[in-house]
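What follows is the residue order along each chain.
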Amino acid sequence: MNDQVKKYFLLLQLTSLFVYLGLYITFIDKITPDYTIWLEPWYNTILQGGFRSLRHDFYNYSPPYMYLIALATTIQAIPIISIKLLSLPIIPLAGYYISRLAYLINPQPIVIWVGFSITLFVPTILINSAYWGQADIFYGTACLACVIHLLHKQPLAAMLAFGVAIAFKAQAVLLTPFLCVMLIKRQIPWKFVIIPPAILVLSVLPVVIIGKPIQDVVLIYLRQADTYHSLCMNCTNLWSIFPTVDYRTGVVIGFLAALTAAIGYVVLMVMHLSVHDPRQIFSAAMISVMIIPFFLPKMHDRYFYVAELLSVGIILIDWRELFIPLLLQVSTGNVYWQYLLRRGYLYPQFESGIINIVVIGLLLQLFMKQKRLKLIGENLPPQNALSDSSN
């Protein structure tokens, strides 16, 4: 690639970034119920009491995110803007990791630019941070980084990234079935299993040191799970299709179904996944973060976030699978619309759950197609042999 081409694609990337910044700034002062109920009181408490106020029990998010809120209080800006600025550089970081996937699969400048740029403009990803002011981009990007590092045969970096993801949000465990497969397939040394819990412990040490009771820290994730008693918290999963099931019955059935799906997933992947095919590995990761939240009860509207982020990579792997990320946007966009604009669903919520069944089916079909193509490639005679036989 000559210098002229490099300059051209650098200009394209800068243009994408400027457009992204413009869109982000357009939404940055929007206030949502989550901000009013949760984020603003947390911000004001830290603003008044300083970092040491984090020893008190006034928040239900993980300490690492609260450290960022504390950082936001030092920015001389309106609170809503200060909080949303935290996520501003992280979406481009996710774009960088998607471009690393592009470089591995098809190292053409146009493909790398497309991967980076599409990430910046995925509607639900952009809206989640710029409009909603949520923190999902932090753990989502860490999960993405984990997968990409594994594709590049960097298990230490992958487990460090997964540790960061877990430290930010418990939802990162949705990637655990995939990591179990990679452990069984010897793509991750067993000694690295200690890394994520070690990072989690290190991440909460600051609040413990300033006086927060250890039991309060341990219970943060459990309290999140017990905050709402509903099988479906505006999520696009199985329980949006069957909303009338008794709560206690649904919780038992849901957890058993999710466990069964996880075991079935691990068995399928151990049998059919080729660790030498980055396309198949990436598809396997996306299947993991789709099937677990689909069956689990008590899921929220943003619990398919990592799948939405990874879906950008599916376009780079095979543009003919464009329907996968598009369908995900249609299903998740429906619940985003309902919650953020309070105008009702664009179409019945249960249909969003049905759409995600289709997405899971398409992903499984893609995975098996990748396996067949891999087998065909392995069984083809070398090109030289073909040339010899024709003489």
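Chemist: How would you explain the overall build of the protein chain if you had to name every residue and give the values?
Modeler: A count of helical and extended segments in the protein chain gives 20 helices and two strands. Taking 391 residues into account, the globule formula puts the C-alpha radius of gyration at 21 Å, and the protein chain, at 22 Å, falls close to it. The C-alpha extent of the protein chain, read off along each of the three principal axes, is 85 × 55 × 45 Å. Of all 391 residues assigned to the protein chain, the portion counted as buried reaches 53%. Counting only carbon and sulfur atoms, one obtains 68% of the accessible surface of the protein chain, whose full area is about 18100 Å². Looking at the protein chain, you have 25 positive and 17 negative side-chain charges, and the mean spots of the two groups are 5 Å apart.

Chemist: Please give an account of the side chain of aspartate 136 that cites residues and values.
Modeler: The residue aspartate 136 is located in helix α8 (residues 136-151) in this model. Relative accessible area serves as the criterion here: at 1%, aspartate 136 is assigned to the buried category. A polar side-chain atom of aspartate 136 sits 2.5 Å from a polar atom in the side chain of arginine 302. The contact partners of aspartate 136, leaving out residues within four places of it in the chain, are Asn128, Lys169, Arg302 and Tyr305.

Chemist: Go over helix α3 (residues 63-72) with me, naming the residues and quoting the values.
Modeler: Burial runs high along α3: nine of the ten residues are buried. Taken residue by residue, α3 has Pro63, Pro64, Tyr65, Met66, Tyr67, Leu68, Ile69, Ala70 and Ala72 as its buried positions.

Chemist: Before we move on, can you summarise the nonpolar core with the specific residues and values?
Modeler: Ranked by size, the top nonpolar core spans 126 residues in total, and within it Tyr65, Leu175, Phe178 and Phe282 carry the most contacts. At twelve residues, α8 tops the list of elements feeding residues into this core. With sequence-adjacent residues up to four places away left out, phenylalanine 282 is seen in contact with Leu101, Leu144, Val147, Ile148, Leu151, Leu310, Gly313, Ile314 and Ile317.

Chemist: Break down helix α11 (residues 195-209) for me, citing the residues and quoting the values.
Modeler: Across its 15 residues, α11 extends 21 Å between first and last C-alpha, which sits within 8% of the 21 Å expected from 1.5 Å per residue. Approximately 25° is the largest bend angle found in α11, and it occurs at serine 203, with the proline proline 206 only one to four residues beyond. For α11, the set of buried residues is Ile195, Pro196, Ile199, Ser203, Val204 and Val207. Those residues of α11 hidden inside the fold are in contact with α3, α9 (155-168) and α12 (214-218). Following α11 by one or two positions, glycine 211 adopts a phi angle in the positive range, close to 120°.

Chemist: Residue-level account of the side chain of serine 274, with values.
Modeler: Take serine 274: it is sitting in the loop between α15 (247-272) and α16 (278-295). Using a relative accessible area of 14% as the deciding quantity, one classes serine 274 as buried.

Chemist: Describe the packing of helix α5 (residues 90-105) against helix α17 (residues 305-317), naming the residues involved and giving the relevant values.
Modeler: The contact between α5 and α17 brings their axes to 10 Å, and the two run at 25°. Relative to α17, the element α5 lies roughly parallel. For the pair α5 and α17, the crossing hand works out as right-handed. On α17, the residues touching Ala94, Ile98, Leu101, Ala102 and Ile105 of α5 are Leu309, Val312, Gly313, Leu316 and Ile317. Class assignment of the residues belonging to the contact of α5 with α17 gives a composition of nine nonpolar, one polar and no charged.

Chemist: Now, about a nonpolar patch on the surface: what can you tell me, with residues and values included?
Modeler: On the surface, a nonpolar cluster with roughly 490 Å² of combined accessible area is contributed by Leu10, Leu14, Phe18, Leu21 and Ile25. Along the chain, the position of leucine 10 falls in helix α1 (residues 3-27). By relative accessible area, which is 48% here, leucine 10 ends up partly exposed.

Chemist: Tell me about the confidence of the model for the protein chain, residues and numbers included.
Modeler: Averaged over all residues, the pLDDT of the protein chain is 91; the fraction at 70 or higher stands at 94%. Per-element confidence in the protein chain is highest for helix α10 (residues 176-184), whose mean pLDDT is 98, and lowest for helix α20 (residues 383-389), whose mean pLDDT is 39. Contacts from residues 380-391, a stretch scored under 50 in pLDDT, to residues over four places away or in other chains number one contact.

Chemist: Give a detailed account of the packing of aromatic side chains, specifying residues and quantitative values.
Modeler: Using the criterion set out here, one finds 14 aromatic pairs in the structure. Considering the side-chain rings of phenylalanine 51 and tyrosine 67, the 5.7 Å spacing of their centres and the 35° angle between planes classify their relative orientation as tilted. Of this pair, phenylalanine 51 sits in the loop between α2 (33-49) and α3 while tyrosine 67 sits in helix α3; the two residues are 16 residues apart in sequence, bridging distant segments of the chain. For the ring pair tyrosine 61 and tyrosine 65, a centre distance of 5.4 Å and an interplane angle of 55° mean the geometry is tilted. As far as burial versus exposure is concerned, tyrosine 61 and tyrosine 65 are alike and both buried. Members of the aromatic cluster, joined through ring pairs, are Trp38, Trp42, Tyr61, Tyr65, Phe138 and Phe168. In this structure, lysine 84 is placed above the aromatic ring of tyrosine 131, and the distance from its NZ or CZ to the ring centre is 6.0 Å.

What counts, and at which threshold
Residues numbered from 1 in each chain as written. Predicted model: local features only at pLDDT ≥ 70, side-chain atom pairs only at ≥ 80, totals over all residues. Heavy atoms only, no water. Helix = DSSP H or I, 4+ residues; strand = E, 2+ residues; numbered from the N terminus. Rg over C-alpha atoms; globule rule 2.2 N^0.38 Å. Buried < 20%, exposed > 50% of the residue type's maximum accessible area, 1.4 Å probe, protein only. Areas by Shrake-Rupley, 256 points an atom, 1.4 Å probe, with all protein chains shown as cover. Lys, Arg positive; Asp, Glu negative; His and termini not counted. Charge placed at Lys NZ, Arg CZ, Asp CG, Glu CD. Polar contact = N/O pair within 3.5 Å; in protein donor to acceptor, adjacent residues only side chain to side chain. Contact = heavy atoms within 4.5 Å. Core = buried A, V, L, I, M, F, W, Y, C linked by side-chain atoms within 4.5 Å. Expected span 1.5 Å × (residues − 1). Bend = angle between axes of the 7 residues up to and from the residue. Axes fitted to C-alpha atoms, helices over the stretch in contact; angles between N-to-C directions. Parallel < 35°, antiparallel > 145°, perpendicular 65-115°, else oblique. Left-handed = near helix turned anticlockwise from the far one by under 90°. Nonpolar A, V, L, I, M, F, W, Y, C, P; charged D, E, K, R; others polar. Patch = residues over 30% accessible without salt bridge, like charges linked within 9 Å, V, L, I, M, F, W, Y side chains within 5 Å. Salt bridge = Lys/Arg side-chain N within 4 Å of Asp/Glu carboxyl O. pLDDT = per-residue confidence, 0-100. Phe/Tyr/Trp six-rings, centres within 6.5 Å; stacked < 30°, edge-to-face > 60°. Lys NZ or Arg CZ within 6 Å of the ring centre and 35° of its normal.

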